[in-house]
Amino acid sequence: MYSDDQRGDNTMGSNDNTSNNGEEQIRSATLLHRYDSPFFECNSQSITTPAALIILNTPFVYKNNNSPHAIGSPSSNGQSSSKLPTVLDVLWKQSSYRVCADGGANRLYEATVASNQNGSGYTTTTITTDISSEFLPDMITGDLDSLQPHVKEYYERRGVPIVRIEDQDYHDLDKSLMAVEKWMDKVNASTSRDKNTASYPTAKTLIYGGFGGRFDQEMGCINALYVWGKKQSFKHISMALYGEETCAFVLPEMPKTNEVRIRFPNGDSTDWNGQTTVGEGPTCGLIPLGGRCETVYTTGLKWNLDGDMPLEFGGLVSSSNRVVDGVVTVQSSSPLIFTTEIVSKQHGL
């Protein structure tokens, strides 16, 4: 996903809608910040970038023919063998360290362990341990006020560490990011590369469930992207929020130039390869949630920004834009949220 790089000569592609001044500003940047879609590798057997997955306490949404058909229970139409929603299934396979944020463990348990045939909520009447063993998280953490007792017992018996942190100054997502931070320290310690060089291995933090719940919780998740993105320990660790229909991440301000690579620019779906395929694009937006952004220069969008107009609430917000090139570049005077839709399709439907 994200990585920081240093370049002496950064010659990026231009777009007819970008002014010469904007192009000069972008070319002058010496720091590069990249978002590479995790869905590029969804069919790959070789995952080289360390990735951590955080599952939040948000109902799982399952989709049929690109439309939600159930909340909180796997598909029963026989079209998918996965126990997890489409996007989460990809992120799970992409990750090597998985953390459930408090009640996120309930959601995982419900999808992979409990049959729930009577629609009576969480139940232990039907257990399929042979299937659920591949869906054990590496940790469950938070204040644990939402974790169901039988879910806690189930994972404890299978050796999953359950760490209670009562500090109410931090959200459960923050507490999960603390666990990721410690895990990433161990990953970094096992490498011999210089942390201060561009060759230092990048890492992904995939946060699932940041959308579809309460609005204040969604804003808390967005705030976590801003807060943790400023930490030195996360300099080489990306963070992005995912749901079944959208994703979002922070683009840092100048002097960094952001490069964004999504799976389906311009709606291209030629690489579906006869499978259920998921990815971002093409609809996107640039949201100034952190405050007024005086100047923004972009390339690769249908409606590029040339630095003439600030982005701010009460003024211009670049929503319902469209990615038209394989690489989008963004350079801005303040951090911005980049958001895209997520599309999934089953072959032949």
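For the structure itself, consult the block above.
Residues numbered from 1 in each chain as written. Predicted model: local features only at pLDDT ≥ 70, side-chain atom pairs only at ≥ 80, totals over all residues. Heavy atoms only, no water.

Engineer: It is not clear to me how the overall build of the protein chain should be interpreted in this structure. Could you clarify?
Structural biologist: Regarding its fold elements, the protein chain presents seven helices and 17 strands. Counting over 349 residues, the protein chain shows a buried share of 50%. Within the protein chain, contacts between residues separated by at least 24 positions form 74% of all contacts whose residues are at least 6 apart in sequence. Accessible surface computed for the protein chain: about 15900 Å², of which carbon and sulfur atoms make up 45%. (Helix = DSSP H or I, 4+ residues; strand = E, 2+ residues; numbered from the N terminus. Buried < 20%, exposed > 50% of the residue type's maximum accessible area, 1.4 Å probe, protein only. Contact = heavy atoms within 4.5 Å. Areas by Shrake-Rupley, 256 points an atom, 1.4 Å probe, with all protein chains shown as cover.)

Engineer: Teacher, can you tell me more about helix H3 (residues 104-112) here?
Structural biologist: Residues that lie three or four places apart on an α-helix share one face, since the helix turns once every 3.6 residues. Burial within H3 is extensive, with nine of its nine residues counted as buried. When we look at burial in H3, the residues that qualify are Gly104, Ala105, Asn106, Arg107, Leu108, Tyr109, Glu110, Ala111 and Thr112.

Engineer: Would you mind going over the nonpolar core with me for this structure?
Structural biologist: When a protein is soluble and globular, its nonpolar side chains tend to lie buried together. Ranked by size, the top nonpolar core spans 51 residues in total, and within it Tyr155, Tyr242, Leu286 and Phe338 carry the most contacts. Looking at which element gives the most residues to this core, the answer is helix H2 (residues 86-94), with five residues. Within the second largest apolar cluster, 30 residues are counted, among which are Ile54, Leu225, Trp228 and Met239. (Core = buried A, V, L, I, M, F, W, Y, C linked by side-chain atoms within 4.5 Å.)

Engineer: Honestly, unusual backbone geometry in this entry has me stumped. Any pointers?
Structural biologist: For the peptide bond that leads from Met254 to Pro255, omega is 15°, which places it in the cis range. Relative to the elements of secondary structure, Pro255 occurs in the loop between strand S11 (246-251) and strand S12 (256-261). Of note in this structure, Asp102 is not a glycine but carries a positive phi near 50°. Within the secondary structure, Asp102 sits in the loop between strand S6 (97-101) and H3.

Engineer: What is the right way to look at the packing of aromatic side chains in this model?
Structural biologist: If you walk through the whole model with that rule in mind, you get ten aromatic pairs. Relative to Tyr242, the ring of Phe39 has its centre 6.0 Å away and its plane inclined at 85°; by these criteria the two rings are edge-to-face. With Phe39 in the loop between strand S2 (31-36) and strand S3 (51-55) and Tyr242 in strand S10 (residues 240-242), the pair connects residues that are 203 residues apart, well separated along the chain. Both residues of the pair, Phe39 and Tyr242, count as buried. Both rings, one in Phe60 and one in Tyr208, keep their centres 6.0 Å apart while their planes meet at 75°; by these two values the pair is edge-to-face. With Phe60 in the loop between S3 and strand S4 (61-64) and Tyr208 in strand S9 (residues 204-208), this pair connects stretches of sequence that are 148 residues apart. Taking relative accessible area as the criterion, Phe60 reaches 2% and is therefore assigned buried. Tyr208 gets classed as buried once you look at its relative accessible area, which sits at 4%. Pairwise contacts between aromatic rings join Tyr35, Phe249 and Phe338 into one cluster. (Phe/Tyr/Trp six-rings, centres within 6.5 Å; stacked < 30°, edge-to-face > 60°.)

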